[in-house]
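# Overview (structure and organization)
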Amino acid sequence: MEYIEELFKEMNSRKLILTYQGEFTQEITKSVLTMAERNLESRGEASTVKRKVFNVMVECLQNIVKHSYKGENILDKAIFIIGEDGDTYEIATGNFIKTTEIDSLKNKIEEVNLLDKDGLKSLYKDIIKDKSGLSERGGAGLGLVDMARKSGHKIEFSFKNYDDSHSFFSLKTKITRSK
């Protein structure tokens, strides 16, 4: 029973607003978005900040639904976290992916992180114009570009080997609360 109190203290000290760990479906995604939106409302957050947070959350959650490993064990679970750190909201996700997908994903994120505001806008337009890079699951990096544009921050990420075929992919981005 002590772990409940320890978990509470840890979440409180890290100023976590909402966490969800488990299976992600469209229905669960809608519920998570609704809870986070209500939480931001109750905090009296500015509408521009709420809109940015909401847009980034949508992209993060869609990435989990579209790109997570689908199976019947821990590998089909993911985590979503939104918290505060000073004057920023932090949105973080974690999910399992096939290790063979790391290089492609890493290259896309690094490309996005190298661009400034104008470069992101240009890349976004290029991806929209050239739909040949889009697959059923997305895949052209449009969501990553949109996250970077909306947040105004670089995307932080890591991959940790889990087994011979899978890795745990962690992603975090920040949204400044006020200027």
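All residue numbers here refer to positions counted from 1 along the written sequence of the relevant chain. For a predicted model such as this one, the threshold for reporting local features is a pLDDT of at least 70, and the threshold for listing and counting side-chain atom pairs is 80 or more; totals across whole chains, interfaces and linings nevertheless cover every residue. Computation of side-chain values covers all heavy atoms of the structure but excludes hydrogens and water.

Time to look at helix α6 (residues 142–151). Counting buried residues in α6 gives seven out of 10 residues, a clear majority hidden from the surface. Taken as a whole, α6 has its buried residues at Gly143, Leu144, Val145, Asp146, Met147, Ala148 and Ser151. Residues of α6 that are buried make contact with α3 (47–67), α4 (102–114), α5 (117–129) and β5 (166–176). Residue Gly152 follows α6 closely and has a positive phi angle near 75 degrees. Exposure classes here rest on a 1.4 Å probe applied to the protein chains alone. A residue is buried below 20% of its type maximum, exposed above 50%, and partly exposed in between. Strands here mean DSSP runs of E at least two residues long; helices mean DSSP runs of H or I at least four residues long; both are numbered from the N terminus. What makes two residues a contact is simply this: any of their non-hydrogen atoms within 4.5 Å.

Helix axes are fitted only over the stretch in contact, all axes being lines through C-alpha atoms; the angle between N-to-C directions runs from 0 to 180 degrees. Their axes nearest at 9 Å, the elements α3 and α6 cross at an angle of 160 degrees. For the element pair α3 / α6, the angle class is roughly antiparallel. Read as a crossing pair, α3 and α6 show a hand that is left-handed. When α3 is examined against α6, the residues Lys52, Asn55, Val56, Glu59, Cys60 and Asn63 are found in contact with a partner set consisting of Gly143, Leu144, Asp146, Met147, Lys150 and Ser151. Working definition: roughly parallel below 35 degrees, roughly antiparallel above 145 degrees, roughly perpendicular at 65 to 115 degrees, and oblique for all remaining angles. Note on convention: near helix rotated counterclockwise from far helix by under a right angle means a left-handed crossing. Clockwise means right-handed.

Moving on, we come to the nonpolar core. If you look at soluble globular proteins, the nonpolar side chains tend to sit buried side by side. If you look at the biggest cluster of nonpolar residues, it comprises 37 residues, and the most contacted ones within it are Val53, Phe80 and Ile91. Take this core: its biggest share by element is nine residues, from α3. Discounting residues that sit within four places of it in the chain, Ile91 has contacts with Val53, Val56, Met57, Cys60, Phe80, Ile81, Ile82, Leu171, Lys172, Thr173 and Ile175. For our purposes a nonpolar core is just a set of buried Ala, Val, Leu, Ile, Met, Phe, Trp, Tyr and Cys residues, chained together by side-chain atoms within 4.5 Å.

A separate point is the pattern of salt bridges. By convention in these notes, a salt bridge is any Lys or Arg side-chain nitrogen within 4 Å of a carboxyl oxygen on Asp or Glu. Summed over all chains, the structure comprises 11 salt bridges. The closest approach of N and O atoms between Lys172 and Glu90, which form a salt bridge, is 3.7 Å. With Lys172 in strand β5 and Glu90 in strand β3 (residues 88–98), this pair connects stretches of sequence that are 82 residues apart. Using a relative accessible area of 17% as the deciding quantity, one classes Glu90 as buried. Lys150 is the salt-bridge partner of Asp146, the closest N and O atoms lying 3.0 Å from each other. Of this pair, Asp146 and Lys150 both sit in helix α6, four residues apart, which is roughly one turn of the helix. For Lys150, a relative accessible area of 27% corresponds to the partly exposed category. One connected set of salt bridges, linked through shared partners, spans Arg43, Glu45, Glu84 and Arg177.

Bringing the pairing of strand β2 (residues 78–85) into the picture now. Pairing of strand β1 (residues 16–22) with β2, which is carried by six bridges, proceeds in the antiparallel orientation. Paired with Leu18 across the strands is Ile82, a residue of β2. Two strands pair if DSSP finds at least two bridges between them. Pairing geometry for β2 and β3, over eight bridges, is antiparallel. Bridge assignment links Ile79 to a residue of β3, and that residue is Gly94.

Next up on the list: the sheet that holds β5. Overall, antiparallel pairing links the five strands, which are arranged β1-β2-β3-β5-β4 in an open sheet. Every interior strand has two partners, whereas the edge strands, β1 and β4 (156–161), have only one. Direction aside, neighbouring strands of the sheet carry axes that sit 15 degrees apart on average. Two strands pair when backbone bridges link them, and β3 and β5 are joined in this way by 11 bridges, in the antiparallel orientation. Paired with Glu90 across the two strands is Lys174, which belongs to β5. Of the strands in this sheet, β2, β3 and β5 are in contact with α3, which crosses β3 at around 10 degrees.

Keep in mind that these numbers describe shape and distance, not what the molecule does.
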